[in-house]
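Per-entry structural report
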Amino acid sequence: MQTELKIPAQALFLRKFVPEDADKVFKMSIENSMRKWIPDQVYRDVTHAQEVLAFLIDQYQEDVSPATAPVVLGVCLAETGELIGHVGISPIEDEVEVGYAIEEKHQGKGYATMALRAMCDWALTEFALPHILGIVATENHASCRVLEKAGFRLLCEEIGKMHGKDCLRRKYEFHSAAQR
């Protein structure tokens, strides 16, 4: 993975996390939407957020593979550089899936779709992936719309584990533009 990384995403850019992001990452993690949809990414305190960031930053190795380790980037506003969320790819069984979250005050502006699309386009090329999965709770209508707007195709709806619990979930798939 490149040492310096800045992936443009329309009104945003994606970048590697730095230790100084811990306070903001903690604050975003305790928002209601995170508690509801991504409870395993809610941190106890800033120290816990620092520990998670240190782990994620450790993954930024030249030989990293999202088939074996997460690759998670910060989502920032292009105009100000403000960190407003995250997007990442990580292993799931023998596949790679994408995950994302945008700070509540910035939701509903298309930022999740922009970040998701930029991350997936970059990751397919960077890691020579055949495709990327998006797996969300069926009742998370906003996240389903984000995946669909970003170009993901619905594969199925099934009962499966999400954050340690069985639920009805949708599984989507994203391919390179040439394969869509």
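Provided above is the structure to which this section pertains.
Below or above, wherever it landed, is the structure these notes cover. (Residues numbered from 1 in each chain as written. Predicted model: local features only at pLDDT ≥ 70, side-chain atom pairs only at ≥ 80, totals over all residues. Heavy atoms only, no water.)

1. Some thoughts on helix α1 (residues 22–29)
Convention followed: Buried means the residue's accessible area, taken with a 1.4 Å probe over protein chains only, is under 20% of the maximum for its type, while exposed means over 50%, and partly exposed covers the values in between. Runs of E in the DSSP output that reach at least two residues are strands. Runs of H or I that reach at least four are helices, and both are numbered from the N terminus. This arc describes the spread of directions from the helix axis toward the C-beta atoms. Every residue pair with non-hydrogen atoms within 4.5 Å of one another is taken to be in contact.
Taken as a whole, α1 has its buried residues at A22, V25, F26, M28 and S29. Summarising the axial view, the buried residues of α1 lie within an arc of 165 degrees, below the 170-degree limit, and thus occupy one face. On its buried face, α1 sits against α2 (32–37), α3 (46–58) and β4 (83–92).

2. Side note on the pattern of salt bridges
Just so we agree on the cut-off: A pair is scored as a salt bridge if a Lys or Arg side-chain nitrogen falls within 4 Å of a carboxyl oxygen belonging to Asp or Glu.
Counted under the stated rule, the structure contains twelve salt bridges. Here E173 makes a salt bridge to R153, at a shortest N to O gap of 2.8 Å. Taken together, the positions of E173 in strand β8 (residues 165–174) and R153 in strand β7 (residues 153–162) put the pair 20 residues apart, joining distant regions of the chain. Look at R153 and you get partly exposed, because its relative accessible area is 46%. Between K171 and E158 there is a salt bridge, with its nearest N and O atoms 3.7 Å apart. Residue K171 is found in strand β8, and its partner E158 is found in strand β7; the two are separated by 13 residues along the sequence. Judged by relative accessible area, which is 18%, K171 ranks as buried. According to the relative accessible area criterion, E158 is partly exposed, its value standing at 23%. The network of salt bridges with shared partners includes K24, E82, E103 and K105.

3. Comments concerning the sheet that holds β4
The condition is simple: Strand pairing is assigned whenever DSSP identifies at least 2 bridges connecting the two strands. Under this scheme, a helix contributes an axis fitted over its contacting stretch, all axes are lines through C-alpha atoms, and angles between N-to-C directions fall in the 0 to 180 degree range.
Pairing within the open sheet is mixed, and its eight strands lie in the order β1-β2-β3-β4-β5-β6-β8-β7. The two strands at the open ends of the sheet, each matched to only one other strand, are β1 (6–9) and β7. When the angles between neighbouring strand axes are averaged without regard to direction, this sheet yields 30 degrees. With five bridges joining them, strand β2 (residues 12–16) and strand β3 (residues 71–77) adopt antiparallel strand pairing. Across the sheet, the residue bridging to R15 is G74, located in β3.

From the geometry alone we can't say anything about function, so treat these as descriptive.
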